[in-house]
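What the coordinates show
One letter stands for each residue in the lines below.
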Amino acid sequence: MGTVMSILPLAADLPDPDLAQFGQDPWWVILLKAVLIFLVLVLLTLFNIWFERRVVARMQHRVGPNVHGPFGLLQSLADGVKLALKEDIIPKAADKVVFLLAPVIAVVPAFVTWAVIPFGPEVNFFGHQTPLQLTDMPVAVLFMLAIASIGIYGIVLGGWSSGSTYSLLGGLRSSAQMISYEVAMGLALVAVFLYAGSMSTSEIVAAQDDLWFGLILLPSFVIYVISMVGETNRAPFDLPEAEGELVGGFHTEYSSLKFALFFLAEYINLATVSAIATTLFLGGWAAPWGIENVWEGANSGYWPVLWFFGKVFCFIFLFVWLRGSLPRMRYDQFMALGWKVLIPVSLAWIVAVATIRVISLEGNIDRTYLVAAIAVLLVLTVGLMFVGEKETEEEPAEVREEPHDAFAGGYPVPPMPAGGAVRGAAAPLTFAHSPGGRTTVTAAAEENPDHE
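1. Here's the deal with the overall build of the protein
The helix and strand inventory of the protein stands at 18 helices and four strands. Expressed as a percentage of its 452 residues, the buried residues of the protein come to 40%. A separation threshold of at least 6 residues defines the contact pool for the protein, and within that pool the share at least 24 residues apart is 74%. Here the protein has roughly 25900 Å² of accessible surface; of this, 67% comes from carbon and sulfur atoms.

2. Comments concerning the nonpolar core
Ranked by internal contacts, the top residues of the largest apolar core, which has 77 residues, are Trp114, Ile204, Tyr224, Met228, Leu280, Phe281 and Phe308. The element best represented in this core is helix H11 (residues 256–281), accounting for 13 residues. Apart from residues no more than four positions distant in its own chain, Met228 is found in contact with Met185, Val273, Ala277, Phe315 and Phe319.

3. Digging into the pattern of salt bridges
Under the criterion given, the structure shown has eight salt bridges. Residues Arg234 and Glu52 are paired through a salt bridge, measuring 2.5 Å at the closest nitrogen-oxygen approach. With a gap of 182 residues between them, Arg234 in the loop between helix H9 (218–231) and helix H10 (243–246) and Glu52 in helix H2 (residues 27–59) connect regions that are remote in the sequence. Here Arg234 and Glu52 have matching classes, each one buried. Ionic pairing is found between Arg53 and Asp79, a salt bridge with its closest N-O pair at 2.8 Å. Of this pair, Arg53 sits in helix H2 while Asp79 sits in helix H3 (residues 75–85), and the two are 26 residues apart along the sequence. One salt-bridge network, in which partners are shared between bridges, spans Glu52, Arg234, Glu266 and Arg323.

4. Notes on the packing of aromatic side chains
Here the structure, examined in full by the defined rule, presents 25 aromatic pairs. Here the aromatic rings of Phe237 and Phe334 are separated by 4.6 Å at their centres, their planes lie at 35°, and the arrangement is tilted. Taken together, the residues span a long stretch of sequence, with Phe237 in the loop between H9 and H10 and Phe334 in helix H14 (residues 331–362) at a distance of 97 residues. You'll find Phe237 and Phe334 in the same group, each marked buried. Relative to Phe263, the ring of Phe259 lies with its centre 6.0 Å away and its plane at 20°, an arrangement referred to as stacked. Taken together, the positions of Phe259 and Phe263, both in helix H11 and four residues apart, correspond to about one turn of that helix. Assessed through its relative accessible area of 23%, Phe259 is described here as partly exposed. Through a chain of ring-to-ring contacts, the aromatic side chains of Phe47, Trp50, Phe51, Phe313, Phe317 and Trp321 assemble into a single cluster. The ring of Tyr331 has Arg173 sitting right over it, with the charged end atom 4.8 Å from the ring centre.

5. Things to note about the pairing of strand S2 (residues 128–132)
Note that strand S1 (residues 120–125) and S2 share five bridges and pair antiparallel. If you follow Phe125 over to S2, its bridge partner there is His128. In textbook terms, the turn of a hairpin is the stretch between consecutive antiparallel strands, and for S1 and S2 this stretch comprises two residues, one of which, Phe126, has a positive phi near 55°.

6. Description of the packing of H9 against helix H13 (residues 303–325)
Orientation of H9 relative to H13, taken along the N-to-C sense of each, is 60°, at an axis distance of 12 Å. What the angle tells us is that H9 and H13 run oblique. As for how H9 packs across H13, the hand of that crossing is right-handed. On H13, the residues that touch Phe221, Val225, Met228 and Val229 of H9 are Phe315, Leu318, Phe319 and Leu322.

7. Observations concerning helix H4 (residues 96–112)
With 17 residues, H4 ought to run about 24 Å at 1.5 Å a step, and its terminal C-alpha atoms sit 25 Å apart, in line with that. Among all positions in H4, only Val98, Phe99, Ala102, Pro103, Ala106, Val107, Pro109, Ala110 and Phe111 are buried. Looking at the buried positions of H4, the neighbouring elements they touch are H2, helix H5 (140–161) and H11.

8. A word on the side chain of Ser76
Among the secondary structure elements, Ser76 is positioned in helix H3. At a separation of 3.3 Å, a polar atom in the side chain of Ser76 contacts the main-chain amide nitrogen of Trp50. Once residues within four sequence positions are removed from consideration, Ser76 is found in contact with Leu46, Ile49 and Trp50.

About the cut-offs
- Residues numbered from 1 in each chain as written.
- Predicted model: local features only at pLDDT ≥ 70, side-chain atom pairs only at ≥ 80, totals over all residues.
- Heavy atoms only, no water.
- Helix = DSSP H or I, 4+ residues; strand = E, 2+ residues; numbered from the N terminus.
- Buried < 20%, exposed > 50% of the residue type's maximum accessible area, 1.4 Å probe, protein only.
- Contact = heavy atoms within 4.5 Å.
- Areas by Shrake-Rupley, 256 points an atom, 1.4 Å probe, with all protein chains shown as cover.
- Core = buried A, V, L, I, M, F, W, Y, C linked by side-chain atoms within 4.5 Å.
- Salt bridge = Lys/Arg side-chain N within 4 Å of Asp/Glu carboxyl O.
- Phe/Tyr/Trp six-rings, centres within 6.5 Å; stacked < 30°, edge-to-face > 60°.
- Lys NZ or Arg CZ within 6 Å of the ring centre and 35° of its normal.
- Pairing = 2+ DSSP bridges.
- Axes fitted to C-alpha atoms, helices over the stretch in contact; angles between N-to-C directions.
- Parallel < 35°, antiparallel > 145°, perpendicular 65-115°, else oblique.
- Left-handed = near helix turned anticlockwise from the far one by under 90°.
- Expected span 1.5 Å × (residues − 1).
- Polar contact = N/O pair within 3.5 Å; in protein donor to acceptor, adjacent residues only side chain to side chain.

If you want it as structure tokens, here you go:
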């Protein structure tokens, strides 16, 4: 038995012919690729901040940044210098080691995720033939999800180590919604794996040569877009940073460069989820449909980099558009959307996609009836989610009939009386005036001190 096992190679040891082009680059090519990705992400962050402020200003009939540099393009750089020169304050009650490490833990995974994002095909890179991608692996998408989840620790530890109640609540809120929406996001990607037959990012892009997955897997695409907005803590899902409730959320006590790192992590994650959506649903670096029929070189050389970032900017504009258009949701509504709507719909859609794939490969059942049955199943699934909402809304009427306890829940704000606010003059106050009698002071006497 041992001889047989020694002869048969393990599946993990078998080379993947589609990934054989990766891992063959010399060290200087790998280093140069990593440096270029870092520079592109930093410059992209500066541009995204300026872009968001300009677009929101236009939507709100304001001017926006227009002083520093042409069209105000250097405003983000000026803000970064201002943050660097601010006083660095560490709260007395903070855990200093964790307080300093939390921003680093949040920003590093945002950079690492881009290691498996394909920017283009194989090109001539300073005389060396190499793909426009740092690396790839058979489980590249799982690698991205795993690395992105590490950033949650930076946010939770930053809120906990600050020694502030508001920061702790912001960190817990952020961790809860990131974990819940990562479940829906991961389920939305299962349909992509079933159709592509691989978890490699480069192979998923190649599988969309004929038709983008965003069209044939539209429910997965919609679920992923909603989940990526929720996971990045962006409006209208920016509940961990709700200034009306939590001051600034998990980074309330941060200042100077440590706050800048959290800010950098947020905007890099904004570009990261956009790049993942582009890679998995919009054909990655491939030219939009129809261009390659007119221009044969649209998908060769360095031109695909232009198509890739053009699609990424479309998603970034969607983020900005949502921020300028929609109000912030209530937290319980937001969590109910993730757990009660997105996750059940994702599970039902995965079953439907798996059934379609099996029948498409075997071809024993008419697909017309199958698609109709799946459509009915999805409608029933969505309809069942809203059953019982009226019963929940009628519960407060029963609570009002209970006797009011004036001392219940009195911290930090005393509760209102059962009948609402008391109107009219205040009750008379009685004080001991002399050993033999008492003096009664009314509200009118308090307002007129000369009255005796």
